[in-house]
Amino acid sequence: MSLPSSPPLSTRVLRLRLKDKHAAVLRAMARDVNQVWNYCNDLGQQVLRREGRFMSGFDFQKYLNGASKEGLLVGSAVFQQVAEEFATRRRQFKKARLRWRVSDPKRANRSLGWIPFKARSLRYKGGQVAFQGHLLSLWDSYGLAGHELGAGSISEDARGRWYLNVTVKVQPKAKPSPEGLKGAIGADLGLKSHMTDSSGTSVDAQRFYRDLEPKIASAQRAGKKHRVRALHAKVANRRKDFLHKLSTAQACGHAAVFVGNVNAASLAKTRLAKSVLDAGWSSYRTMLKYKCDDASAWFAEVDESFSTQDCNVCGTRAGPKGRAGLAVRQWTCPCCSTHHDRDVNAARNILARGLVWLEKTFSAADSSSTKSAAAVNKAPGPLGLGAAAGHGRPAVGIPVL
């Protein structure tokens, strides 16, 4: 059994730091982008009141013709992308009017810089990127010369640093078949331990935000905004460093990684929100997904329902239940008398469900390829049964000598 040998290209977003010497011109470009955004916001409301309809990105572009001749630092390609982005976000949030973008640095609600662009607006040239008549220097940690650059954006963070976010196409590596699959693991995510895998290995949860929370509170009380931003950036950097190292080790060390589909967004609305957001489950799963593609490993999020209650040996649903059962970390199955660690048992159930998903994926691929081959064999022509009395060459089934 095998899947297609050449998987389709996947899209990857590369984020690269631009050098600070370009901050002034990028801020000026971002102000022009804000003007175009606010113009679309105002025009959309006027058309809605007069004609009772919402404008699309194409409708906005007709009103933006010639705007690049008015002394703005960004051209028509950027205007078009801003208009399309505005129309897309208005539909996404189902609102007649979106938030105004504020450029005044003295305003507390100032919008961080954002400059979207199309693929034709950006060009890599000698270690720099050419954008709107400017050569922007950056720290090229990905080797942009080896990629075809697509659409993306230039964005600013809270500390005034600028980044290039650009999409590229990458070719995923071929992945092993179930027969040759060795070293698959299942991972159960938690708050006390960040992750427990099916082999019994547990990684303690890190307290990135809570460790620096007293310093953040002290800086906030003192009104030191720059210090607060620096501390929040330190929290985010420590979290990303931890998640990158963990996900890289798992993706490179295993042929398949299966993770439970815990709903982090819903838990972030409960009293556990601070701990859930500090754990970074969604970022961790995103990292695992693309790193498994790069490492030629399988990855899937599987249903973790009842994974802590089901015995991974006999399948009996006899584990601790409800909120009262959350405190029970060890239990014994009444049917097979197997003693379980709660998290390890959940991880092994996740692994078993992941392997079932993998088998179904290969079975579906084999059945579809068999059907397509049968259709070729029955079709008239040089490769089908319509060829002269048994002299045609079927697509499958008979080896070519």
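Above this text sits the structure in question.
First, a word on scope: everything that follows refers to the structure included in this document. (Residues numbered from 1 in each chain as written. Predicted model: local features only at pLDDT ≥ 70, side-chain atom pairs only at ≥ 80, totals over all residues. Heavy atoms only, no water.)

**Quick word on the packing of helix α5 (residues 225-253) against helix α8 (residues 281-294)**
Phase 1: Where α5 meets α8, the closest approach of the two axes is 9 Å, and the angle between their N-to-C directions is 40 degrees. With respect to α8, the element α5 is oriented oblique. With respect to the hand of their crossing, α5 and α8 are arranged in right-handed fashion. Contacts between α5 and α8 involve Lys240, Leu243, His244, Leu246, Ser247, Thr248, Gln250 and Ala251 from the former and Ser283, Tyr284, Met287, Leu288, Tyr290, Lys291 and Cys292 from the latter.
Phase 2: For the contact of α5 with α8, the class distribution of residues is eight nonpolar, five polar and two charged. (Axes fitted to C-alpha atoms, helices over the stretch in contact; angles between N-to-C directions. Helix = DSSP H or I, 4+ residues; strand = E, 2+ residues; numbered from the N terminus. Parallel < 35°, antiparallel > 145°, perpendicular 65-115°, else oblique. Left-handed = near helix turned anticlockwise from the far one by under 90°. Contact = heavy atoms within 4.5 Å. Nonpolar A, V, L, I, M, F, W, Y, C, P; charged D, E, K, R; others polar.)

**Notes on empty space enclosed by the protein**
Phase 1: One pass over the full model with this rule turns up two cavities of 30 Å³ or more.
Phase 2: In this structure, the largest cavity spans a volume of roughly 50 Å³.
Phase 3: Around the largest cavity, the lining residues are Gly44, Arg53, Phe54, Met55, Phe60, Phe86, Arg90 and Ala96.
Phase 4: In terms of residue class, the lining of the largest cavity is built from five nonpolar, one polar and two charged.
Phase 5: Around the second largest cavity sit His194, Ala205, Gln206, Phe208, Phe242, Asp278 and Ala279, which together line it. (1 Å grid on protein atoms, 1.4 Å probe; cavity = no way out; pocket = protein on both sides within 12 Å on 5 of 7 lines; lining within 4 Å. Points joined across faces, edges and corners; volume = space filled by probe spheres on them.)

**Brief notes about the pairing of strand β2 (residues 114-117)**
Phase 1: Residues Trp114 and Pro116 of β2 are buried on one face, and the alternating residues Ile115 and Phe117, pointing to the opposite face, are buried as well.
Phase 2: The pairing of β2 with strand β6 (residues 152-156) spans four bridges and is antiparallel. Residue phenylalanine 117 lies in a different strand from β6, and its bridge partner there is glycine 152. (Buried < 20%, exposed > 50% of the residue type's maximum accessible area, 1.4 Å probe, protein only. Pairing = 2+ DSSP bridges.)

**Some remarks on the layout of surface pockets**
Phase 1: In this structure, the largest pocket spans a volume of roughly 1300 Å³.
Phase 2: Around the largest pocket, the lining is made up of 33 residues, and of these Gly190, Leu191, Leu267, Leu272 and Leu326 lie nearest the centre.
Phase 3: Looking at the lining of the largest pocket, the elements that each hand over two or more residues are β8 (184-189), α7 (273-279) and α9 (342-378).
Phase 4: Among the elements that line the lining of the largest pocket, the one with the most residues is α7, at three residues.
Phase 5: Taken together, the residues that form the lining of the largest pocket break down as 11 nonpolar, 10 polar and 12 charged.
Phase 6: What the second largest pocket holds in volume is close to 1000 Å³.
Phase 7: Sorting the residues of the lining of the second largest pocket by element identifies β1 (10-17), α5, α6 (264-267), α7 and α8 as the ones contributing at least two each.
Phase 8: Its residues assigned to classes, the lining of the second largest pocket comprises 18 nonpolar, 10 polar and 12 charged.

**Quick look at the sheet that holds β2**
Phase 1: Strand order in the open sheet made by the four strands is β1-β7-β6-β2, with antiparallel pairing throughout. Each edge of the sheet is formed by a strand with only one pairing partner; in this case those strands are β1 and β2. Taken over all neighbouring pairs, the strand axes of this sheet differ in orientation by 20 degrees on average, direction set aside.

**Re the pairing of β1**
Phase 1: Burial along β1 is one-sided: Ser10, Arg12, Leu14 and Leu16 are buried, while Thr11, Val13, Arg15 and Arg17, pointing the other way, are not.
Phase 2: As paired strands, β1 and strand β7 (residues 162-170) are joined by eight bridges and run antiparallel to one another. Bridge pairing in β7 places leucine 14 opposite valine 166.

**Observations concerning the nonpolar core**
Phase 1: In this structure, Ile115, Phe131, Ile154 and Leu164 are the most contacted members of the largest nonpolar core, which totals 40 residues.
Phase 2: Per-element accounting of this core gives the leading share, 10 residues, to helix α1 (residues 23-51).
Phase 3: Setting aside residues no more than four positions away along its own chain, phenylalanine 131 makes contact with Met29, Val78, Ile115, Phe117, Ser121, Leu122, Leu136 and Ile154.
Phase 4: By size, the runner-up hydrophobic cluster in this structure holds 29 residues, among which are Phe242, Ala264, Cys292 and Phe299. (Core = buried A, V, L, I, M, F, W, Y, C linked by side-chain atoms within 4.5 Å.)

**Let's talk about the pattern of salt bridges**
Phase 1: Summed over all chains, the structure comprises 15 salt bridges.
Phase 2: Among the ionic pairs, aspartate 59 bridges to arginine 53, the shortest N-O distance being 3.4 Å.
Phase 3: One salt bridge connects arginine 329 with aspartate 343, and the closest N-O pair in it is separated by 3.0 Å. Linking arginine 329 in the loop between β12 (298-302) and β13 (330-332) with aspartate 343 in helix α9, this pair joins segments that are 14 residues apart in sequence.
Phase 4: Its relative accessible area of 16% is what places aspartate 343 among the buried residues. (Salt bridge = Lys/Arg side-chain N within 4 Å of Asp/Glu carboxyl O.)

**Observations regarding the side chain of asparagine 41**
Phase 1: Structurally, the position occupied by asparagine 41 is in helix α1.
Phase 2: What makes asparagine 41 buried here is its relative accessible area of 0%.
Phase 3: In contact with asparagine 41, not counting residues within four places along its chain, are Phe86, Arg97, Leu98, Arg99 and Trp100.

**Things to note about the environment of glutamate 304**
Phase 1: With respect to the helices and strands, glutamate 304 occurs in the loop between β12 and β13.
Phase 2: Non-local contacts of glutamate 304, meaning those with residues more than four positions away in its chain, are made with Asp188, Gly260, Asn261, Val262, Ile350 and Arg353.

**Looking at the sheet that holds strand β4 (residues 128-131)**
Phase 1: Read across the open sheet, the three strands follow the order β3-β4-β5; overall the sheet is antiparallel. One side of each edge strand has no neighbouring strand; the edge strands of this open sheet are β3 (122-125) and β5 (134-137). Here the strands of the sheet are splayed against their neighbours by 30 degrees on average, with no regard to which way each runs.
Phase 2: Relative to β5, β4 is paired through four bridges, and the arrangement is antiparallel. Note on β5: the bridge partner recorded for valine 129 is leucine 136.

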